[in-house]
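Spelled out from the first residue to the last, the chains are:
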Amino acid sequence: MSSLIGILNIAGSGLAAQSAALNATSQNVSNVNTPGYSEVTANLETTATGDTYSGTVQANGVIRSYDQFTFGGLLTAQGQSGAADARNQALTQVQDVIAPTSGTIADAVNDFFTSATGLESSPSDPSTRSALLQSATSLAQTISSTAVGLTTEQGSLVTQAQGVATQLSRQLSQIAQLNGQIALASAQGSQPTDLEDQRDSLVGQVSTQIGAQVLQDSQGNYTLLSSGVALVTGSQASSVSVGVNAAGTMQVLARQPGGASLDITSNATQGTLGGLVETCNTDIPSFSSQLDQFAYNLATTVNSVQSAGYGLDGGTGRNLFTQPTQVTGAAAAFAVDPQLVGNPSFVAASSTSAGVPGGNDAAVQLAQLATQPLGSGAPPAQAFAAIAANVGDATSAATDESETRGDAVTQAQNLNDSSSSVSLDEQMTNMTAFQSAYDASSKVIQTVAGLLTDLMNMIPS
């Protein structure tokens, strides 16, 4: 009888264990389409009595499918993709500022030198002088508005980054709270797999925004590292803010729980913030510098011809454009010299006072500048075309990188899913196996119960 009782115990434990396994499988099937859900399996263990095994089995909670290596690889890929996507989008906007579909600086340059050719043909005609002055004004406004547009785009990127930082700080706080809840639940013997799924989902979002690496301790706490600092440690979270420093560039700060703020700008190279920082602090300043040099060279070259010539009033020494004192800021300040505003007769067409009003040699020199180098560079149209080409090349390269990084995220996601996501085929197979084992245990119990009944009937009363 003792053997029958033992078999009954074994079968009973099997019944409970397979029931737990079926419950875990049912949970997986129910959450197959739940974003961020990780597969769970019943943790079945043989029960030991002293130094020997009793042959019974017990379900000791569930095991959550999690691979720190594939998850870490996914975080890395998401950080790189986030930066590439943000830079690609930002550079596309920059390209629209420098090289719009119409009304470009190149168009204005061509119109200006066409007007100069007209002045060359009719130096004494007031209408050709007015046309030249109007085209010069249009050119100045186009160059200036382009430079201002780049500055405006920088401000827009700062505003966008501030929005990302606000959302990021909220997510870091949520991760820290989940750390505390998970640690408490684990200490109480619970298995908070749903909380762990929520935390992983938040960490994935953080990695897309600023890049992230995680370290997990024995209590299940995450330490989240990014940009050279720990943004989350246990139940403590840093906050991230974005501003503009004294040099006028974007600055990213991490305020730690103790109150100290760390400048992490140079290390913020991943995620959306990394892409915005690179475009704002590196790409746009580079293009602005090129545009400033173009504007400085153009104003200086044109002024050298105009200031040496004579207007219809016999006056000389007057610049067509306000002469910049330095390269930096030359594009934003580009404008027609105030002396010439509204005074087309002051435009110089003759190189001598004796040549007024019919002399055109100064106008000829002005028209010839269209094919002569600006400073040590190319002629005006080609000089600007080189700037536009640099922007186009950078944008094209950013687009390619964005696509490549996106493919890498897909591959990393698939690899991580292979170790954590739910496969319906696998779950159906498991359910069949667990159900068969459950039925077998049930039949053993029925058989043993029948034997025990027969045995009890054989005992004299």
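The structure we're discussing is the one just above.
A short tour of the structure in this document, coming up. Predicted model only: the values in this text are computed from it and were never measured. (Residues numbered from 1 in each chain as written. Predicted model: local features only at pLDDT ≥ 70, side-chain atom pairs only at ≥ 80, totals over all residues. Heavy atoms only, no water.)

### Some thoughts on the nonpolar core
Here is the rule we go by: To define a nonpolar core, start from buried Ala, Val, Leu, Ile, Met, Phe, Trp, Tyr and Cys residues and group those joined through side-chain atoms within 4.5 Å. Between buried and exposed lies partly exposed: a residue is buried under 20% and exposed over 50% of the maximum accessible area for its type, with that area taken using a 1.4 Å probe on protein chains only. Runs of H or I in DSSP of at least four residues are treated as helices and runs of E of at least two as strands, each being numbered from the N terminus.
One finds Phe112, Ile143, Leu224, Met250, Leu273, Phe294 and Phe321 to be the most contacted residues of the largest nonpolar core, which totals 84 residues. Broken down by element, this core gets its largest block of residues, 19 residues, from helix H4 (residues 126–187).

### With respect to the sheet that holds strand E7 (residues 239–244)
The criterion, for reference: Strands are labelled as partners when DSSP assigns at least two bridges between them. Each axis is a line fitted through C-alpha atoms, taken for helices only over the stretch in contact, and angles between the N-to-C directions span 0 to 180 degrees. Two residues qualify as a contact provided that any one of their heavy atoms is within 4.5 Å of a heavy atom in the partner residue.
Judged by pairing direction, the sheet is antiparallel, and its 3 strands sit side by side in the order E7-E8-E9 without closing on themselves. The sheet terminates laterally at E7 and strand E9 (261–263), the two strands that pair on one side only. When the angles between neighbouring strand axes are averaged without regard to direction, this sheet yields 30°. In terms of strand pairing, E7 meets strand E8 (residues 250–255) through 6 bridges, oriented antiparallel. Bridge pairing links Val244 to Met250 in E8. Contacts from H4 reach E7 and E8 within the one sheet, and its direction differs from that of E7 by about 170°. Packing against the sheet, helix H6 (residues 271–306) makes contact with E7 and E8, and its axis sits at approximately 145° to E8.

### So, helix H3 (residues 105–121)
As a reminder, the rule being used: To estimate the expected span of a helix, count its residues, drop one, and scale the result by 1.5 Å. Directions from the helix axis toward the C-beta atoms define the arc.
A rise of 1.5 Å per residue sets the reference length of H3, with its 17 residues, at 24 Å; its end C-alpha atoms lie 25 Å apart and thus fit the reference within 8%. The complete set of buried residues in H3 reads Ile105, Ala108, Val109, Phe112, Phe113, Ser115, Ala116 and Leu119. Looking straight down H3, one finds that the buried residues subtend no more than 150° of arc, so they occupy a single side. Across H3 from its buried face, at more than 90 degrees, point the exposed residues Thr114 and Ser121.

### Structural notes on the pattern of salt bridges
Defined as follows: When a carboxyl oxygen of Asp or Glu lies within 4 Å of a side-chain nitrogen of Lys or Arg, that pair is called a salt bridge.
One pass over the structure, following the stated rule, counts 4 salt bridges. With its nearest N and O atoms 3.5 Å apart, the salt bridge here joins Glu278 to Arg87. Of the two residues, Glu278 sits in helix H6 while Arg87 sits in helix H2 (residues 68–98), which places them 191 residues apart along the sequence. Given a relative accessible area of 14%, Arg87 falls into the buried group. Across the pair Arg405 and Glu401 runs a salt bridge whose closest N-O atoms are separated by 3.6 Å. Of this pair, Arg405 and Glu401 both sit in helix H8 (residues 380–420), 4 residues apart, which is roughly one turn of that helix. A relative accessible area of 27% means that Arg405 is categorised as partly exposed. The network of salt bridges with shared partners includes Arg87, Glu278 and Asp283.

### What about the sheet that holds strand E3 (residues 213–216)?
In a beta sheet, neighbouring strands pair by backbone hydrogen bonds and run either parallel or antiparallel. In space, the 4 strands of this open sheet follow the order E3-E4-E5-E6, with antiparallel pairing throughout. Only two strands of the sheet have a single partner each, and these edge strands are E3 and strand E6 (236–237). The pairing of strand E4 (residues 222–226) with strand E5 (residues 229–233) spans 4 bridges and is antiparallel. Across the sheet, the residue bridging to Thr223 is Thr233, located in E5. On top of the sheet, H4 reaches E4, E5 and E6; it is set at about 50° to E5, its chief contact. Along the sheet, helix H5 (residues 193–210) makes contact with E3, E4 and E5, crossing E4 at roughly 10°.

Purely geometric stuff here, so don't read any function into it on its own.
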